[in-house]
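Read off the chains here:
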Amino acid sequence: MIDRSLQQELRVKYNPEGSRLREHQLRTLEILKVVDSICKANGINYWLSSGTLLGAVRHGGFIPWDDDVDIEMLREDFEKFNEIVPRYLPDYLKLQNHRSDKCYYWPFSKVRDERYPIKEVFNTDIRYKYHGIYIDIFCIEKGTLFFSKISKWLHYKLCLGRSCYKSTPKLYLAFIYNVLTYLVYPFFRMCVSFSSASKLFQTFGTGFHKHREMSDLFPLAQIEFEGLMFNAPKDCHAYLKRIYGDYMKLPDESKIVSHI
(Lines give C-alpha, C1' and ligand atoms only; values in the text may rest on other atoms or scores of the structure.)
Protein backbone atom coordinates (compact mmCIF):
# COMPACT_ATOMS: atom_id res chain seq x y z
CA MET A 1 0.00 0.00 0.00
CA ILE A 2 1.22 3.53 -0.69
CA ASP A 3 2.23 5.87 2.11
CA ARG A 4 -0.68 6.80 4.41
CA SER A 5 -0.06 10.53 4.13
CA LEU A 6 -0.06 10.36 0.33
CA GLN A 7 -3.21 8.26 0.40
CA GLN A 8 -4.91 10.86 2.59
CA GLU A 9 -3.85 13.65 0.22
CA LEU A 10 -5.36 11.78 -2.71
CA ARG A 11 -8.58 11.12 -0.79
CA VAL A 12 -8.96 14.79 0.10
CA LYS A 13 -8.31 15.79 -3.50
CA TYR A 14 -10.46 13.26 -5.34
CA ASN A 15 -13.03 11.59 -3.11
CA PRO A 16 -13.44 13.31 0.27
CA GLU A 17 -16.25 12.17 2.55
CA GLY A 18 -19.55 13.62 1.38
CA SER A 19 -18.41 14.18 -2.20
CA ARG A 20 -20.50 12.89 -5.07
CA LEU A 21 -17.78 10.41 -6.06
CA ARG A 22 -17.39 9.11 -2.51
CA GLU A 23 -21.14 8.59 -2.17
CA HIS A 24 -21.11 6.70 -5.47
CA GLN A 25 -18.22 4.52 -4.30
CA LEU A 26 -19.97 3.67 -1.03
CA ARG A 27 -23.15 2.71 -2.87
CA THR A 28 -21.28 0.34 -5.15
CA LEU A 29 -19.57 -1.06 -2.06
CA GLU A 30 -23.00 -1.90 -0.66
CA ILE A 31 -23.81 -3.82 -3.85
CA LEU A 32 -20.51 -5.68 -3.56
CA LYS A 33 -21.31 -6.65 0.03
CA VAL A 34 -24.62 -8.20 -1.03
CA VAL A 35 -23.02 -10.04 -3.95
CA ASP A 36 -20.20 -11.29 -1.73
CA SER A 37 -22.69 -12.65 0.80
CA ILE A 38 -24.73 -14.45 -1.86
CA CYS A 39 -21.66 -15.93 -3.54
CA LYS A 40 -20.23 -17.24 -0.29
CA ALA A 41 -23.56 -18.71 0.81
CA ASN A 42 -23.91 -20.57 -2.50
CA GLY A 43 -20.33 -21.71 -3.09
CA ILE A 44 -19.66 -19.33 -5.97
CA ASN A 45 -15.99 -18.41 -6.30
CA TYR A 46 -15.27 -14.82 -7.34
CA TRP A 47 -12.43 -12.38 -6.81
CA LEU A 48 -11.86 -8.64 -6.91
CA SER A 49 -10.37 -7.79 -10.28
CA SER A 50 -8.78 -5.11 -12.42
CA GLY A 51 -8.92 -1.61 -10.93
CA THR A 52 -10.82 -2.80 -7.87
CA LEU A 53 -8.04 -5.22 -6.95
CA LEU A 54 -5.45 -2.57 -7.76
CA GLY A 55 -7.25 -0.20 -5.41
CA ALA A 56 -7.29 -2.82 -2.65
CA VAL A 57 -3.55 -3.48 -2.96
CA ARG A 58 -2.33 0.09 -3.54
CA HIS A 59 -4.92 2.14 -1.62
CA GLY A 60 -6.63 -0.26 0.75
CA GLY A 61 -9.92 0.46 -0.99
CA PHE A 62 -11.11 2.39 -4.01
CA ILE A 63 -8.58 4.12 -6.21
CA PRO A 64 -9.47 7.68 -5.12
CA TRP A 65 -10.63 8.75 -8.59
CA ASP A 66 -12.24 5.43 -9.57
CA ASP A 67 -16.00 5.02 -9.89
CA ASP A 68 -16.67 1.33 -10.40
CA VAL A 69 -16.26 -2.15 -8.93
CA ASP A 70 -15.19 -5.19 -10.95
CA ILE A 71 -15.22 -8.84 -9.97
CA GLU A 72 -14.41 -11.95 -11.99
CA MET A 73 -15.34 -15.62 -11.85
CA LEU A 74 -14.77 -18.71 -13.94
CA ARG A 75 -17.44 -19.64 -16.49
CA GLU A 76 -18.96 -22.41 -14.36
CA ASP A 77 -19.45 -19.99 -11.47
CA PHE A 78 -20.61 -17.22 -13.80
CA GLU A 79 -23.38 -19.42 -15.19
CA LYS A 80 -24.42 -20.46 -11.68
CA PHE A 81 -24.32 -16.82 -10.56
CA ASN A 82 -26.66 -15.71 -13.34
CA GLU A 83 -29.03 -18.56 -12.59
CA ILE A 84 -29.44 -18.20 -8.82
CA VAL A 85 -28.56 -14.63 -7.85
CA PRO A 86 -31.92 -13.08 -8.82
CA ARG A 87 -33.59 -15.25 -6.15
CA TYR A 88 -31.52 -13.68 -3.39
CA LEU A 89 -31.22 -10.03 -4.41
CA PRO A 90 -33.30 -7.46 -2.51
CA ASP A 91 -36.00 -5.77 -4.57
CA TYR A 92 -33.93 -2.65 -5.28
CA LEU A 93 -31.05 -4.65 -6.82
CA LYS A 94 -31.38 -6.08 -10.33
CA LEU A 95 -29.21 -8.54 -12.18
CA GLN A 96 -28.67 -7.21 -15.68
CA ASN A 97 -27.79 -9.53 -18.52
CA HIS A 98 -29.38 -10.27 -21.86
CA ARG A 99 -31.86 -12.63 -20.22
CA SER A 100 -33.24 -9.97 -17.86
CA ASP A 101 -32.80 -7.02 -20.25
CA LYS A 102 -33.19 -7.87 -23.92
CA CYS A 103 -31.53 -4.60 -24.97
CA TYR A 104 -28.38 -5.30 -22.96
CA TYR A 105 -25.79 -6.74 -25.34
CA TRP A 106 -22.61 -7.03 -23.27
CA PRO A 107 -21.29 -10.56 -22.67
CA PHE A 108 -20.83 -9.90 -18.94
CA SER A 109 -23.37 -9.13 -16.20
CA LYS A 110 -24.06 -6.22 -13.89
CA VAL A 111 -25.84 -5.92 -10.57
CA ARG A 112 -27.57 -2.54 -10.41
CA ASP A 113 -29.10 -0.52 -7.59
CA GLU A 114 -32.19 0.98 -9.19
CA ARG A 115 -32.59 3.54 -6.41
CA TYR A 116 -29.70 5.53 -7.86
CA PRO A 117 -30.00 5.93 -11.65
CA ILE A 118 -27.01 7.10 -13.65
CA LYS A 119 -26.31 7.99 -17.25
CA GLU A 120 -23.54 6.09 -18.99
CA VAL A 121 -21.13 7.57 -21.52
CA PHE A 122 -21.42 7.07 -25.29
CA ASN A 123 -25.17 6.30 -25.05
CA THR A 124 -24.44 2.63 -24.34
CA ASP A 125 -27.49 2.51 -22.06
CA ILE A 126 -29.90 4.20 -24.43
CA ARG A 127 -32.08 1.06 -24.72
CA TYR A 128 -31.50 -0.47 -21.28
CA LYS A 129 -34.27 -1.57 -18.98
CA TYR A 130 -32.14 -0.94 -15.86
CA HIS A 131 -30.14 2.24 -15.22
CA GLY A 132 -28.96 2.16 -11.60
CA ILE A 133 -25.38 2.33 -10.38
CA TYR A 134 -23.71 -1.03 -10.72
CA ILE A 135 -20.85 -3.42 -10.28
CA ASP A 136 -19.55 -5.52 -13.18
CA ILE A 137 -19.33 -9.31 -13.06
CA PHE A 138 -16.92 -10.70 -15.66
CA CYS A 139 -16.71 -14.26 -16.91
CA ILE A 140 -13.20 -15.72 -17.23
CA GLU A 141 -12.38 -18.74 -19.38
CA LYS A 142 -9.64 -20.35 -21.43
CA GLY A 143 -8.85 -18.51 -24.63
CA THR A 144 -6.20 -17.08 -26.90
CA LEU A 145 -5.23 -13.53 -27.77
CA PHE A 146 -6.37 -14.13 -31.35
CA PHE A 147 -9.89 -15.14 -30.36
CA SER A 148 -10.03 -12.36 -27.75
CA LYS A 149 -9.25 -9.75 -30.37
CA ILE A 150 -11.43 -11.09 -33.17
CA SER A 151 -14.40 -11.55 -30.83
CA LYS A 152 -14.04 -7.97 -29.62
CA TRP A 153 -14.03 -6.72 -33.20
CA LEU A 154 -17.12 -8.74 -34.05
CA HIS A 155 -19.04 -7.81 -30.92
CA TYR A 156 -18.28 -4.10 -31.07
CA LYS A 157 -18.52 -3.70 -34.84
CA LEU A 158 -21.68 -5.69 -35.42
CA CYS A 159 -23.60 -5.29 -32.17
CA LEU A 160 -22.49 -2.96 -29.39
CA GLY A 161 -21.41 -0.13 -31.66
CA ARG A 162 -24.80 -0.12 -33.35
CA SER A 163 -26.88 -0.54 -30.19
CA CYS A 164 -26.09 3.08 -29.24
CA TYR A 165 -28.36 4.31 -32.03
CA LYS A 166 -32.12 4.10 -31.74
CA SER A 167 -32.31 3.83 -35.53
CA THR A 168 -30.74 0.36 -35.41
CA PRO A 169 -33.58 -2.21 -35.54
CA LYS A 170 -33.97 -4.33 -32.42
CA LEU A 171 -34.47 -7.43 -34.54
CA TYR A 172 -31.08 -6.89 -36.16
CA LEU A 173 -29.34 -6.48 -32.79
CA ALA A 174 -31.08 -9.52 -31.33
CA PHE A 175 -30.16 -11.62 -34.37
CA ILE A 176 -26.48 -10.60 -34.29
CA TYR A 177 -26.23 -11.06 -30.53
CA ASN A 178 -27.70 -14.55 -30.73
CA VAL A 179 -25.51 -15.58 -33.67
CA LEU A 180 -22.39 -14.44 -31.80
CA THR A 181 -23.43 -15.87 -28.43
CA TYR A 182 -24.84 -19.22 -29.51
CA LEU A 183 -22.92 -20.00 -32.72
CA VAL A 184 -19.69 -18.02 -33.16
CA TYR A 185 -18.40 -17.96 -29.57
CA PRO A 186 -19.18 -21.66 -28.93
CA PHE A 187 -17.17 -22.41 -32.08
CA PHE A 188 -14.26 -20.34 -30.71
CA ARG A 189 -14.63 -22.17 -27.39
CA MET A 190 -14.46 -25.53 -29.18
CA CYS A 191 -11.33 -24.47 -31.06
CA VAL A 192 -9.67 -23.47 -27.80
CA SER A 193 -10.62 -26.80 -26.21
CA PHE A 194 -8.70 -28.66 -28.95
CA SER A 195 -5.63 -26.48 -28.53
CA SER A 196 -2.99 -26.39 -25.80
CA ALA A 197 -4.18 -22.95 -24.65
CA SER A 198 -4.05 -22.52 -20.89
CA LYS A 199 -4.31 -18.76 -20.54
CA LEU A 200 -7.48 -17.24 -19.15
CA PHE A 201 -9.20 -14.26 -20.75
CA GLN A 202 -12.38 -12.34 -20.12
CA THR A 203 -15.05 -14.10 -22.15
CA PHE A 204 -15.41 -13.64 -25.89
CA GLY A 205 -16.62 -10.21 -26.99
CA THR A 206 -15.69 -8.41 -23.78
CA GLY A 207 -12.79 -6.53 -25.31
CA PHE A 208 -10.08 -6.78 -22.65
CA HIS A 209 -7.02 -8.64 -23.92
CA LYS A 210 -4.73 -9.06 -20.91
CA HIS A 211 -4.69 -12.67 -19.79
CA ARG A 212 -4.77 -14.31 -16.35
CA GLU A 213 -3.08 -17.51 -15.15
CA MET A 214 -4.90 -20.14 -13.11
CA SER A 215 -1.86 -20.46 -10.84
CA ASP A 216 -2.18 -16.75 -9.92
CA LEU A 217 -5.83 -17.15 -8.95
CA PHE A 218 -6.32 -20.32 -6.91
CA PRO A 219 -6.67 -21.10 -4.14
CA LEU A 220 -8.35 -17.76 -3.55
CA ALA A 221 -7.12 -15.46 -0.81
CA GLN A 222 -8.72 -12.62 1.13
CA ILE A 223 -7.88 -8.94 0.89
CA GLU A 224 -9.03 -5.83 2.75
CA PHE A 225 -11.08 -3.36 0.73
CA GLU A 226 -12.61 -0.33 2.45
CA GLY A 227 -12.23 -1.99 5.85
CA LEU A 228 -13.94 -5.23 4.77
CA MET A 229 -12.56 -8.56 3.59
CA PHE A 230 -13.29 -9.86 0.08
CA ASN A 231 -12.00 -12.63 -2.17
CA ALA A 232 -8.81 -11.97 -4.10
CA PRO A 233 -6.41 -13.91 -6.33
CA LYS A 234 -3.86 -16.06 -4.55
CA ASP A 235 -1.02 -13.97 -6.03
CA CYS A 236 -2.22 -10.38 -6.38
CA HIS A 237 1.25 -9.20 -7.37
CA ALA A 238 1.50 -11.55 -10.35
CA TYR A 239 -2.09 -10.81 -11.39
CA LEU A 240 -1.66 -7.03 -11.29
CA LYS A 241 1.81 -6.99 -12.82
CA ARG A 242 0.49 -9.02 -15.76
CA ILE A 243 -2.22 -6.41 -16.39
CA TYR A 244 -0.67 -3.10 -15.35
CA GLY A 245 3.10 -3.58 -15.21
CA ASP A 246 4.45 -1.33 -12.43
CA TYR A 247 1.06 -1.12 -10.73
CA MET A 248 2.32 0.65 -7.58
CA LYS A 249 3.35 3.67 -9.63
CA LEU A 250 0.70 6.38 -9.60
CA PRO A 251 -0.45 7.69 -12.99
CA ASP A 252 0.27 11.20 -14.20
CA GLU A 253 -2.41 13.27 -12.45
CA SER A 254 -2.97 15.31 -15.61
CA LYS A 255 -4.25 12.13 -17.27
CA ILE A 256 -6.60 11.08 -14.48
CA VAL A 257 -10.24 11.16 -15.57
CA SER A 258 -13.20 10.60 -13.24
CA HIS A 259 -16.68 10.13 -14.68
CA ILE A 260 -18.53 11.28 -11.57
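Preceding this section is the structure that the text describes.
Residues numbered from 1 in each chain as written. Predicted model: local features only at pLDDT ≥ 70, side-chain atom pairs only at ≥ 80, totals over all residues. Heavy atoms only, no water.

**Let's talk about the pattern of salt bridges**
For step 1, the next point in the chain: Counted under the stated rule, the structure contains 15 salt bridges.
For step 2, the next point in the chain: With a shortest N-O distance of 3.0 Å, glutamate 141 and arginine 75 are connected by a salt bridge. Highlighted residues: glutamate 141 in strand S5 (residues 132-142) and arginine 75 in helix H4 (residues 75-88), separated in sequence by 66 residues.
For step 3, the next point in the chain: Judged by its relative accessible area of 8%, glutamate 141 falls in the buried class.
For step 4, the next point in the chain: Here lysine 110 and aspartate 136 are joined by a salt bridge, their closest N and O atoms 2.7 Å apart. With a gap of 26 residues between them, lysine 110 in strand S4 (residues 109-117) and aspartate 136 in strand S5 connect regions that are remote in the sequence.
For step 5, the next point in the chain: According to the relative accessible area criterion, lysine 110 is buried, its value standing at 3%.
For step 6, the next point in the chain: Judged by relative accessible area, which is 6%, aspartate 136 ranks as buried. (Salt bridge = Lys/Arg side-chain N within 4 Å of Asp/Glu carboxyl O. Helix = DSSP H or I, 4+ residues; strand = E, 2+ residues; numbered from the N terminus. Buried < 20%, exposed > 50% of the residue type's maximum accessible area, 1.4 Å probe, protein only.)

**Some remarks on the layout of surface pockets**
For step 1, the next point in the chain: Empty space within the second largest pocket amounts to approximately 520 Å³.
For step 2, the next point in the chain: Around the second largest pocket, the lining comprises 20 residues; the ones closest to its centre are Arg75, Phe78, Tyr177, Thr181 and Tyr182.
For step 3, the next point in the chain: Put simply, the parts of the chain that give the lining of the second largest pocket at least two residues each are H4 and helix H6 (170-193).
For step 4, the next point in the chain: Partitioned by chemical class, the residues of the lining of the second largest pocket number 9 nonpolar, 6 polar and 5 charged. (1 Å grid on protein atoms, 1.4 Å probe; cavity = no way out; pocket = protein on both sides within 12 Å on 5 of 7 lines; lining within 4 Å. Points joined across faces, edges and corners; volume = space filled by probe spheres on them. Nonpolar A, V, L, I, M, F, W, Y, C, P; charged D, E, K, R; others polar.)

**Looking at the packing of helix H5 (residues 145-163) against H6**
For step 1, the next point in the chain: Two numbers describe how H5 lies on H6: the axes approach to 10 Å, and their chain directions differ by 175°. It follows that H5 is roughly antiparallel to H6 by the angle criterion. On H6, the residues that touch Phe147, Ile150, Ser151, Leu154, His155, Leu158, Cys159, Arg162 and Ser163 of H5 are Tyr172, Leu173, Ile176, Tyr177, Leu180, Val184, Tyr185, Phe188, Cys191 and Val192.
For step 2, the next point in the chain: The residue makeup of the contact of H5 with H6, split by class, is 15 nonpolar, 3 polar and 1 charged. (Axes fitted to C-alpha atoms, helices over the stretch in contact; angles between N-to-C directions. Parallel < 35°, antiparallel > 145°, perpendicular 65-115°, else oblique. Contact = heavy atoms within 4.5 Å.)

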